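Chains, contacts and geometry: an overview
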Amino acid sequence: MSSAFNPAPADRVVGHEDSIWMEFTKLAQTHQAVNLGQGFPDSPAPKFITDILKDISAKPDLTAAHQYTRGYGHPELTNILSKMYSHLYNVNVSPMNDVLITVGAYHALYYAFLGWINPGDEVIIIEPAFDCYSPQVKFAGGIPVPISMTVPEDAFSASQFTIDFKNLEAKISDKTKMLVINNPHNPTGKLFTRQELEKLAEIAEKHNLIVIADEVYEFHVWKKEDMIRFASLRGMYNRTISIGSAGKAFSITGWKLGWAIGPQNLLAPLKAIHQNCVFTCSSPTQLAIAEAFKIDWPKFLKKPKESYLATGLSGELIQKSNKLAHMLAKGGFRPIAPQAGYFMLANYSNHNHNIDMSQETDPADFVFARWLCSEKKLAVIPFSAFYSIQTEKMKNCNFIRLCYFKKDATLTDAKKILKKLGKE
Ligand SMILES: Cc1ncc(COP(=O)(O)O)c(C=O)c1O
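Since the structure is predicted, the reported quantities are computational estimates derived from the model, not experimental observations. (Residues numbered from 1 in each chain as written. Predicted model: local features only at pLDDT ≥ 70, side-chain atom pairs only at ≥ 80, totals over all residues.)

Here we look at the domain arrangement of the protein
Taken domain by domain, the protein consists of domain 1 (16-45 + 308-423) and domain 2 (48-305). For domain 1 and domain 2, the distance between their C-alpha centroids amounts to 25 Å. Contact residues are listed per partner, giving 33 residues for domain 1 and 38 residues for domain 2. Secondary-structure elements contributing two or more residues to the side of domain 1 that touches domain 2 are α11 (308-330) and β10 (343-347). Residue contributions to the side of domain 1 that touches domain 2 peak at 8 residues, all from α11. Looking at the side of domain 1 that touches domain 2 residue by residue, the class counts come to 23 nonpolar, 8 polar and 2 charged. (Domains from an automatic or database assignment. Contact = placed C-beta atoms within 7 Å. Helix = DSSP H or I, 4+ residues; strand = E, 2+ residues; numbered from the N terminus. Nonpolar A, V, L, I, M, F, W, Y, C, P; charged D, E, K, R; others polar.)

Concerning the packing of helix α2 (residues 47-57) against helix α10 (residues 283-302)
Interhelical geometry of α2 versus α10 gives an angle of 135° and a closest axis separation of 9 Å. By the angle between their directions, the pair α2 and α10 is classed as oblique. Helix-helix and strand crossings are classified by hand; for α2 and α10 the assignment is right-handed. On the side of α2, the interface is formed by F48, I49, I52, L53, I56 and S57, while α10 contributes P284, L287, A288, E291, A292 and I295. Partitioned by chemical class, the residues of the contact of α2 with α10 number 10 nonpolar, 1 polar and 1 charged. (Axes fitted to C-alpha atoms, helices over the stretch in contact; angles between N-to-C directions. Parallel < 35°, antiparallel > 145°, perpendicular 65-115°, else oblique. Left-handed = near helix turned anticlockwise from the far one by under 90°.)

Re the sheet that holds strand β6 (residues 210-214)
Read across the sheet, 7 strands follow the order β2-β8-β7-β6-β5-β3-β4 without closing on themselves; strand pairing throughout is mixed. This sheet does not close on itself; its edge strands, each paired only once, are β2 (99-102) and β4 (143-148). When the angles between neighbouring strand axes are averaged without regard to direction, this sheet yields 20°. Two elements, β6 and strand β7 (residues 240-245), share 4 bridges in a ladder whose sense is parallel. By the bridge assignment, I212 is partnered in β7 with I241. (Pairing = 2+ DSSP bridges.)

Section: the pairing of β7
For a regular strand, the rule is simple: side chains alternate between the two faces of the sheet. Counting buried residues along β7, 6 of its 6 residues qualify, which places the element largely inside the surrounding structure. Bridge analysis of β7 against strand β8 (residues 258-261) gives 4 bridges, and the strand direction is antiparallel. Each residue of the ladder has a partner; that of G244, found in β8, is W259. (Buried ≥ 20, exposed ≤ 12 C-beta atoms within 10 Å, placed from the backbone.)

Examining the environment of P46
Along the chain, the position of P46 falls in the loop between β1 (34-35) and α2. In sequence terms P46 and L313 are 267 residues apart; their C-alpha atoms lie 9.9 Å from each other. Setting aside chain neighbours within four positions, we find P46 in contact with F250, S251 and Y308.

Some details on the nonpolar core
Ranked by internal contacts, the top residues of the largest apolar core, which has 126 residues, are V180, A260, A346, I400 and L402. If one sorts the elements of this core by residue count, α11 sits on top with 9 residues. Split by domain, the residues of this core number at least three in each of domain 1 (16-45 + 308-423) and domain 2 (48-305). Excluding anything up to four places from it in sequence, L402 contacts L36, L324, F343, M344, A346 and V380. (Core = buried A, V, L, I, M, F, W, Y, C linked by C-beta atoms within 7 Å.)

So, the sheet that holds β10
As a general point, the strands of a sheet are linked pairwise by backbone hydrogen bonds and lie either parallel or antiparallel. Taken together, the 4 strands give an open sheet; going across it, the order is β9-β10-β13-β12, and neighbouring strands pair in antiparallel fashion. With one partner strand each, in any of the chains shown, β9 (334-336) and β12 (381-382) form the two edges of the open sheet. Pairing of β9 with β10, which is carried by 3 bridges, proceeds in the antiparallel orientation. Counted as the bridge partner of R334 is N347 from β10.

Encoded structure:
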């Protein structure tokens, strides 16, 4: 008789819970809900991008395009990225040394934590925060140190989320090694001002911190001039690992191609992991993204009205976010107008009466989001999922997060649900 095979997993994954996406993606599928939960467009991908990939894949004799390419990134892609970011950061970004291509921004973030954080090192995370930062820091053996932004009860604009800098500085200890900044911000839709970023830069300098600047929504701003990239601030390139995403830039999240950009010494540990982990990312998609940037970048600079990254993308986002804000208001919610990105928060307190909370121990927004999905067939994400500490989750559970980058038919379906809710 064989004994049960029951090996113990590595300590680093013990107690690790399913992410918010697991529960709410499944819930949306189960209830066949209109899905404004997860952050991806459900409309056709931009044709000029898919055409480029079609061209590459139609050429089997373009031999190199279909084989392994340079480990740290296809030279076509690192060249155009270096050109773009040299301009955007106003420094010399070396295509061969300062760029690392990864499997999406997720992957670049993970490398950054794994490459720089030792057991016991502390990482300051401004919350609410994209939910993978904290688990990734823990996988690296580090200690995430969250600091919550504040927002007035009756907020109407994402700009009203602010950092208490004194409080942030008070959390810095001699173990603090890193600060994570996400701008434009998920889930609030906030775009940090120059003043706010300069304050963070001052703190980073004073305490000698490495900065992770997650800027995957850098092209999703209403006006391209309003995006201040952290690495462009005086002296900051040298201490910043900037993270970008082709999936977000070109609205093709399934392509999963991203990058880390920074000075050679900051990228070296990320490269050390990459060469023994993934070694190299998909060649045809790197080539296609390189080509897409080569087409769009000159327009971004000189003919912004013709550029997808300068105005095409933001035009769509502005129109859709206005539409969703209007629908939410009609439905009795209080939307918080975003300044950038894919997402909008909305206060749902007018609908609280719909749910019996007496037996619930989870934050109220989880209960509300589950109810909205199962009973009304509208999938959204509870805001408190973007906090890592239970007490902060319980304090910040007045909102739901909705993704407005959805095709008109999806938004119209959501409109019908919201309109009905508004009358209840
Ligand atoms: C703030 C933020 N960072 C990183 C990512 C991951 O991007 P990618 O799909 O390129 O891995 C996302 C995706 O939603 C995000 O919202």
